[in-house]
Amino acid sequence: LLVANASKVLPARLKGVKEGTGGQTEVLLLAARPDLGTDVWEALVNPGRRTRPGHRVTFDDGALHVEVLDYTPFHGRIVRLSAPDGEVATALTRIGQMPLPPYITAPLEDPTHYQTVYAHEPGSAAAPTAGLHFTPELLTRLRASGVGAAFVTLHIGLDTFRPVEVERLDEHKMHSEAYSLDAQTARAINEAHAGGGRIVAVGTTSVRVLETAAEMATGTGQIVVPCGGRTSIFIQPGHHFGAVDALITNFHLPKSTLLVLVSAFASRELMLHAYEVAVKEGYRFYSFGDAMLIL
């Protein structure tokens, strides 16, 4: 059973002007915060030092406004979006730009190239890039060969890529992200496992959901249970994998929690060897790069 992250990347990069000064300001939406109010988001703001709580930024001649409410850890902001007609989502879709990683310097001719073909739950600030390898034709071929497909959701924030800067992994403060695993997917996973099948996670974000759901299922006799909310699970060497049997993943940045996760799954020694071979053979790294299947 293939389990993939169906989160969809939002056009979350907004370029506007600060009210009162006219200064050019960019806002990058990271994660919706419905717990703090309607249309409230965590965001990064540039220039950050000049944009403080109480400041407002206007986009597209007033079609959308952002008010800075508060600070967040790691130099972010809490902001509230508003639109004169109340249609914030419509304005965001029309005005926002795709938030490509900084190492992609040229604009995409087709923004859908940074979406998986099965994405349908808007909310991510970055794509679950292991899924970019799959086409509708490939998924059809997999189903024809007996490989089922199920979907989870984890909305990716840019904190996913924040490097580990401490000597001891246990001291790293892990970010949290919104996730969900519904009853249909839980049933498919439990049935596949009971039938002797393997659960193949597409990408590290799917792993985080599956292993969170496995922890929630402890003592139930099931592999996973339906669940949702926010997860801050930090998977590192020594973790017992309760739901994932195989992993499809791209090549990750050094000192990232993503690299720590795959090292926990495959061992640090095997990953060092795999990356050594990848460099030698000229494999492509990061978002639009090559992938590996770890069994």
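Look up a bit, the structure's there.
Residues numbered from 1 in each chain as written. Predicted model: local features only at pLDDT ≥ 70, side-chain atom pairs only at ≥ 80, totals over all residues. Heavy atoms only, no water.

Examining the overall build of the protein
At step 1: A tally of helices and strands in the protein yields 6 helices and 15 strands.
At step 2: If one aligns the C-alpha atoms of the protein with their principal axes, the spans along those axes are about 65 × 40 × 40 Å.
At step 3: Across the protein, the fraction of contacts at a sequence separation of at least 24, relative to all contacts at a separation of at least 6, is 66%.
At step 4: Summed over its atoms, the accessible surface of the protein is roughly 15000 Å², and 52% of this surface lies on carbon and sulfur atoms.
At step 5: In the protein, 25 side chains carry a positive charge and 30 a negative one; their mean positions are 4 Å apart. (Helix = DSSP H or I, 4+ residues; strand = E, 2+ residues; numbered from the N terminus. Contact = heavy atoms within 4.5 Å. Areas by Shrake-Rupley, 256 points an atom, 1.4 Å probe, with all protein chains shown as cover. Lys, Arg positive; Asp, Glu negative; His and termini not counted. Charge placed at Lys NZ, Arg CZ, Asp CG, Glu CD.)

A word on the pattern of salt bridges
Opposite charge on two side chains makes pairing possible when the charged atoms of those side chains draw close.
At step 1: For the coordinates displayed, the defined rule picks out 10 salt bridges.
At step 2: Glu19 is paired through a salt bridge with Arg56; the nearest N and O atoms lie 3.1 Å apart. With Glu19 in the loop between strand E3 (13-18) and strand E4 (24-32) and Arg56 in strand E6 (residues 56-59), this residue pair connects regions lying 37 residues apart in the sequence.
At step 3: The exposure class of Arg56 is partly exposed, given its relative accessible area of 30%. (Salt bridge = Lys/Arg side-chain N within 4 Å of Asp/Glu carboxyl O. Buried < 20%, exposed > 50% of the residue type's maximum accessible area, 1.4 Å probe, protein only.)

Topic: the side chain of Arg33
At step 1: Assignment of secondary structure puts Arg33 in the loop between E4 and strand E5 (40-46).
At step 2: Reaching out from Arg33, the side chain makes a polar contact with the side chain of Asp35 at a distance of 2.7 Å.
At step 3: Setting aside chain neighbours within four positions, we find Arg33 in contact with Val40, Trp41, Glu42 and Ile78. (Polar contact = N/O pair within 3.5 Å; in protein donor to acceptor, adjacent residues only side chain to side chain.)

Some details on the packing of aromatic side chains
When we look at a pair of aromatic rings, we describe it by the centre distance and by the angle of the planes.
At step 1: Evaluated as defined, the whole model comprises 8 aromatic pairs.
At step 2: Ring geometry for Tyr275 and Phe285: centres 5.6 Å apart, planes at 90°, overall edge-to-face. In this pair, Tyr275 sits in helix H6 (residues 268-281) while Phe285 sits in the loop between H6 and strand E15 (291-294), placing the two residues 10 residues apart along the sequence.
At step 3: Taken together, Phe251, Tyr275, Tyr283, Phe285 and Tyr286 form an aromatic cluster joined through their ring pairs. (Phe/Tyr/Trp six-rings, centres within 6.5 Å; stacked < 30°, edge-to-face > 60°.)

Describing unusual backbone geometry
At step 1: Looking along the chain, the bond that leaves Asn46 and enters Pro47 is cis, with omega of 5°.
At step 2: Located in the positive-phi region is Asp60, a residue other than glycine, with phi close to 50°.
At step 3: Its place among the elements puts Asp60 in the loop between E6 and strand E7 (64-72).
At step 4: Using a relative accessible area of 40% as the deciding quantity, one classes Asp60 as partly exposed.

Re empty space enclosed by the protein
At step 1: With the rule as written, the count across this model stands at 1 cavity of 30 Å³ or more.
At step 2: Considering the residues around the largest cavity, the lining is formed by 13 residues, among which Met174, Arg208, Thr257, Leu258 and Leu261 are closest to the centre.
At step 3: Secondary structure elements with two or more residues in the lining of the largest cavity: helix H4 (204-216) and helix H5 (257-266).
At step 4: Class assignment of the residues belonging to the lining of the largest cavity gives a composition of 6 nonpolar, 5 polar and 2 charged. (1 Å grid on protein atoms, 1.4 Å probe; cavity = no way out; pocket = protein on both sides within 12 Å on 5 of 7 lines; lining within 4 Å. Points joined across faces, edges and corners; volume = space filled by probe spheres on them. Nonpolar A, V, L, I, M, F, W, Y, C, P; charged D, E, K, R; others polar.)

Describing the packing of H5 against H6
At step 1: Following both chains from N to C, one finds H5 and H6 inclined at 115°, their axes separated by 7 Å at the closest point. Only Arg268, Leu270, Met271 and Tyr275 of H6 make contact with H5, whose side of the interface consists of Leu259, Val262, Ser263 and Ala266.
At step 2: Grouping the constituent residues of the contact of H5 with H6 by class yields 6 nonpolar, 1 polar and 1 charged. (Axes fitted to C-alpha atoms, helices over the stretch in contact; angles between N-to-C directions.)

Points about the side chain of Ser7
At step 1: Within the fold, Ser7 resides in strand E2 (residues 7-9).
At step 2: Owing to a relative accessible area of 1%, Ser7 belongs among the buried residues under this scheme.
At step 3: Reaching out from Ser7, the side chain makes a polar contact with the side chain of Ser124 at a distance of 2.6 Å.
At step 4: Within polar-contact distance, the side chain of Ser7 engages the side chain of His155 at 2.7 Å.
At step 5: Once residues within four sequence positions are removed from consideration, Ser7 is found in contact with Ala119, Glu121, Gly123, Ser124, Pro128, Thr153, Leu154 and His155.

Function cannot be read off these values alone, since they describe shape.
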